Amino acid sequence: MAGSTFQTNPIDLDKLLDDCHRGVLQLPDFQRSWVWDEERIKSLIASVSRAFPIGALMSLNAGGPVNFKPRPVEGAPIEAKQIIPQSLLLDGQQRMTSLYQVTSRGKVVETVTPKNKKVKRWFYIDIKKALDPSIEREEAIVGVPEDRIIRTDFGREKVLDVSSAELEYARLMYPVAQVFDWDKWQDGFDKYWRGDQHESVREEFRAFKRQVLENFKYYRVPVIALDQSTSKEAVCVVFEKVNTGGKPLDAFELVTAMYASSGHELRKDWYGDDGAKGRHRRLAETLRPAGQDSGIVAAVSNTDFLQAISLFHTRDRRRTAEEAGKEGKELPAVTGNRQALLNLPLQEYQRYEAQVERGFVQAAKFLHMLHIYRIFDLPYQSQIVPLAAILADIGDAWEHEKNRAMLVRWYWNGVFGELYGSAVETRIARDFMEVPVWLKGGPEPSTVSETMFRADRLKTMRMRLSAAYKGVNALLMKEAAQDFRSGQKYDHTVFFGENVDIHHIFPQDWCKKQGIKANVFDSIINKTPLSYRTNRIVGGVAPSDYLAKLEKGNETTPSIDRERLDAYLRSHLIDPSLLRADSFEAFMVDRQKRLLALIEQATGKAAYTGNVEEEGEDIEADEDAVEAELTIAA
């Protein structure tokens, strides 16, 4: 008789986390370790705090023919290792471990910032912001350093201090580590805010408890439990499916379904059909270099496009509310978040679609002007959305020299401030509102005013994934750097025709032979854009040797006059005398100063050169290295 080999039951989140703590629920040892960044942890906390679904879990009841070696979740007490688990978690490890770390373990959480810094964080909920319906819940979730003090101005000013229970009470900051057990905290809170004059504050906490904390207490997670009779083959197939399954429904798919009821085919707009190119293909072909598959805005997604339109629509709504005399919290937010996309009327989409498409086309031209030609070299994909929206809004005004210079400055501040790596929805909306006003004489946008580049950041830019790393490469090409061998400047024809990429100035092999560490010679300070053929000449030998080869020439490459070659080197902000003397340390100091001046020129701001170190420890982007750094023994 046919029957189901699984059951689906909703289980209290508190119980699941307690099972993790006691070792009753463990992981199969083939699961990767917990590696979640700070922003995703905040988003998860926000979802549970609003009783939003975080997806189903899938577990396997232990004791059947499948005998995987178990291991407790990261950070569980050592006693959990001695327990024979009742079930293994096949799907949902990152979610459950994240929630266990922040709510139940009672210890500081090791995680990773958007700048790829390994840090330690305590998580808090800002009570006032959590109760404000006009504020996105993610903004109410705050990560604070291990000492529970957020500092700014390079450590000189305390922005938030919650280093004691009394300060938590005073700042109305609730510790996520106590979301399941609030009685003791509330007792202290009520004592701190005792007296009739503070009744409204105490009532505010009671409202917070009802609207937020009780969502944690009563939160239930659907768990698909595979029974003991499930075969190993079936478990492996299930595990493969839940980890590599199909793409979930996104905002574009949902908006498509809504517009279909009005007879509009949104998918045809984006993907086209047999008779016409869709918007996706038109954007992919925008400024596509000869011989290349796609152009610089080819990775713009359908939700990016909807997000840009939503900025216009929500700004219109806000302006209408302002004209009606509304103020403060009565004014609707300008946003391109998921909810705004789902509320985007068809007529508003149709009103702005052509204008916004032109904005993305102009964005491609803008990026080419900055010598950013490949998606691979684009500092931030997310920054294209506000760039396109701003260009769509101001029209031809961006071509005026003054406006263009200001837009370039805004763009580089976003890149070197590394501001588009997290909380991008808020940043996008702010820039869309602030930059056009700035161009007309208004105050600096926050992306410009908030940026402060650190001189020592140049030493830690080693990875192609870093936005600032890519930014330095583009700035060098924009500043008319000439190839060491050919003397050509890197316009898009030379860039693709000569296969230009970023390469070491003091070659890796030479550096290794001198005992120089990789984390030193791999820095952007020791790299510059060069053609493939030039790098073949440079490779492996001392700079003095490859410069001599370039000067001498060969049967395929003419000789280069010494003074001309020195001019090529200077165009890369390299002191020729230091390179010819193979003076690595002096070269690194000198070029760091030169690159810093280049960045200061681009951002229009002096860099920070003090000795207060940036919080956190640099880690490599490689997944296995990150996992090794963050694995916590059970």
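From a predicted model like this one, the values you see are computed outputs, not experimental measurements. (Residues numbered from 1 in each chain as written. Predicted model: local features only at pLDDT ≥ 70, side-chain atom pairs only at ≥ 80, totals over all residues. Heavy atoms only, no water.)

### Observations regarding the overall build of the chain
Step number 1: When helices and strands are counted, the chain shows 30 helices and 17 strands.
Step number 2: Here the chain holds 634 residues, and 51% of them are scored as buried.
Step number 3: Contacts in the chain between residues far apart in sequence, at least 24 positions, make up 73% of those at least 6 positions apart.
Step number 4: Per element, the accessible surface of the chain, about 30000 Å² overall, is 48% carbon and sulfur. (Helix = DSSP H or I, 4+ residues; strand = E, 2+ residues; numbered from the N terminus. Buried < 20%, exposed > 50% of the residue type's maximum accessible area, 1.4 Å probe, protein only. Contact = heavy atoms within 4.5 Å. Areas by Shrake-Rupley, 256 points an atom, 1.4 Å probe, with all protein chains shown as cover.)

### Comments concerning the pattern of salt bridges
Opposite charge on two side chains makes pairing possible when the charged atoms of those side chains draw close.
Step number 1: Applying the stated criterion to the full structure yields 39 salt bridges.
Step number 2: With its nearest N and O atoms 2.9 Å apart, the salt bridge here joins lysine 15 to aspartate 19. Taken together, the positions of lysine 15 and aspartate 19, both in helix α1 (residues 13–22) and four residues apart, correspond to about one turn of that helix.
Step number 3: Given the relative accessible area of 46%, lysine 15 is considered partly exposed.
Step number 4: Residue class for aspartate 19 comes out buried when judged on its relative accessible area of 7%. (Salt bridge = Lys/Arg side-chain N within 4 Å of Asp/Glu carboxyl O.)

### Details of unusual backbone geometry
Apart from glycine, the bulk of residues carry a negative phi angle, and the bulk of peptide bonds sit in the trans form.
Step number 1: In this structure, histidine 371 is a non-glycine residue whose phi angle is positive, near 65°.
Step number 2: Within the secondary structure, histidine 371 sits in the loop between α15 (346–369) and α16 (384–394).
Step number 3: Residue classification places histidine 371 among the buried positions, given a relative accessible area of 17%.
Step number 4: A positive phi is found at aspartate 582, a non-glycine position, where the angle reads about 55°.
Step number 5: Examined against the element boundaries, aspartate 582 turns out to sit in the loop between α28 (576–580) and α29 (584–603).
Step number 6: Using a relative accessible area of 22% as the deciding quantity, one classes aspartate 582 as partly exposed.

### Details of the nonpolar core
Step number 1: Of all hydrophobic cores here, the largest spans 106 residues; its most connected members are Phe366, Tyr411, Trp412 and Leu458.
Step number 2: Judged by nonpolar contacts, the second largest core, of 48 residues, contains Tyr100, Phe123, Val176 and Val179. (Core = buried A, V, L, I, M, F, W, Y, C linked by side-chain atoms within 4.5 Å.)

### A short note on the side chain of aspartate 161
Step number 1: Tracing the sequence through the fold places aspartate 161 in strand β10 (residues 157–161).
Step number 2: Residue aspartate 161 is classed as buried on the basis of its relative accessible area, which comes to 13%.
Step number 3: Of the polar contacts made by the side chain of aspartate 161, one reaches the side chain of serine 163; its length is 2.6 Å.
Step number 4: Excluding residues within four positions of it along the chain, aspartate 161 makes contact with Arg148, Ile149, Leu167 and Arg171. (Polar contact = N/O pair within 3.5 Å; in protein donor to acceptor, adjacent residues only side chain to side chain.)

### Topic: the pairing of β10
Step number 1: Of the strand pairs in this sheet, strand β9 (residues 149–152) and β10 are connected by four bridges, and their pairing is antiparallel. Counted as the bridge partner of isoleucine 150 is leucine 160 from β10.
Step number 2: Remark: four residues form the turn of the hairpin made by β9 and β10, two consecutive strands paired antiparallel; aspartate 153 in that turn has positive phi of roughly 55°. (Pairing = 2+ DSSP bridges.)

### A look at the environment of lysine 115
Step number 1: Its place among the elements puts lysine 115 in the loop between β6 (109–112) and β7 (117–126).
Step number 2: Counting along the chain gives 501 residues from lysine 115 to glycine 616, while the straight-line C-alpha distance between them is 9.7 Å.
Step number 3: Those residues within four positions of lysine 115 in sequence are excluded, and the remaining contacts are Gly417, Glu418 and Glu614.

### Thoughts on a negative patch on the surface
Step number 1: On the surface, Glu136, Glu138, Glu139 and Glu425 cluster together to form a negatively charged patch.
Step number 2: Its location among the elements puts glutamate 425 in helix α18 (residues 424–439).
Step number 3: A relative accessible area of 35% places glutamate 425 in the partly exposed class. (Patch = residues over 30% accessible without salt bridge, like charges linked within 9 Å, V, L, I, M, F, W, Y side chains within 5 Å. Lys, Arg positive; Asp, Glu negative; His and termini not counted. Charge placed at Lys NZ, Arg CZ, Asp CG, Glu CD.)

### Some remarks on α15
Step number 1: Here α15 contains 24 residues, and its C-alpha end-to-end distance of 34 Å stays within 8% of the 34 Å for a straight helix at 1.5 Å per residue.
Step number 2: Of all the bends in α15, the greatest measures close to 45° and is centred on glutamate 353. (Expected span 1.5 Å × (residues − 1). Bend = angle between axes of the 7 residues up to and from the residue.)

### A short note on the side chain of histidine 264
Step number 1: Inspection of the secondary structure assignment puts histidine 264 in the loop between α10 (251–260) and α11 (266–271).
Step number 2: Since its relative accessible area comes to 16%, histidine 264 is described here as buried.
Step number 3: Within polar-contact distance, the side chain of histidine 264 engages the side chain of glutamine 350 at 3.4 Å.
Step number 4: In contact with histidine 264, other than residues within four places in its own chain, are Tyr259, Asp269, Leu346, Tyr349 and Gln350.

### With respect to the environment of alanine 364
Step number 1: With respect to the helices, strands and loops of the structure, alanine 364 is situated in helix α15.
Step number 2: The exposure class assigned to alanine 364 is buried, which follows from its relative accessible area of 0%.
Step number 3: It is 9.0 Å that separates the C-alpha atoms of alanine 364 and leucine 283, two residues lying 81 residues apart in sequence.
Step number 4: Here alanine 364 is in contact with Thr286, Leu287, Ile296 and Val297, once residues within four sequence places are set aside.

### A short note on the confidence of the model for the chain
Step number 1: Chain-level pLDDT for the chain is 88 on average; 91% of the residues reach the 70-or-more range.
Step number 2: A low-confidence stretch, residues 244–249 stays under pLDDT 50, and its non-local contacts, those more than four residues away or across chains, total three contacts. (pLDDT = per-residue confidence, 0-100.)

### Here we look at the packing of helix α21 (residues 467–478) against α29
Step number 1: Running from amino to carboxyl end, α21 crosses α29 at an angle of 85°, the nearest separation of the two axes being 11 Å. As the angle between them shows, α21 and α29 are arranged roughly perpendicular. Residue-level contacts link Val472, Leu475 and Leu476 of α21 to Arg591, Leu595, Leu598, Ile599 and Ala602 of α29.
Step number 2: Split into classes, the residues belonging to the contact of α21 with α29 amount to seven nonpolar, no polar and one charged. (Axes fitted to C-alpha atoms, helices over the stretch in contact; angles between N-to-C directions. Parallel < 35°, antiparallel > 145°, perpendicular 65-115°, else oblique. Nonpolar A, V, L, I, M, F, W, Y, C, P; charged D, E, K, R; others polar.)

### Here's the deal with the environment of glutamine 197
Step number 1: Tracing the sequence through the fold places glutamine 197 in the loop between α7 (183–192) and α8 (199–217).
Step number 2: Since its relative accessible area comes to 60%, glutamine 197 is described here as exposed.
Step number 3: For glutamine 197 and alanine 46, which are 151 residues apart along the polypeptide, the C-alpha to C-alpha distance reads 31 Å.

### Structural notes on the packing of helix α26 (residues 543–552) against helix α27 (residues 562–570)
To characterise two packed helices, one gives the angle between the axes of the helices and the distance between these axes.
Step number 1: Relative to each other, α26 and α27 sit at 125°, their axes nearing to 10 Å. In terms of orientation, α26 lies oblique with respect to α27. Considering the relative orientation of α26 and α27, their crossing is right-handed. Two secondary-structure elements touch here, α26 through Leu547, Leu550 and Glu551 and α27 through Arg562, Leu565 and Leu569.
Step number 2: Residues that form the contact of α26 with α27 fall into these classes: four nonpolar, no polar and two charged. (Left-handed = near helix turned anticlockwise from the far one by under 90°.)

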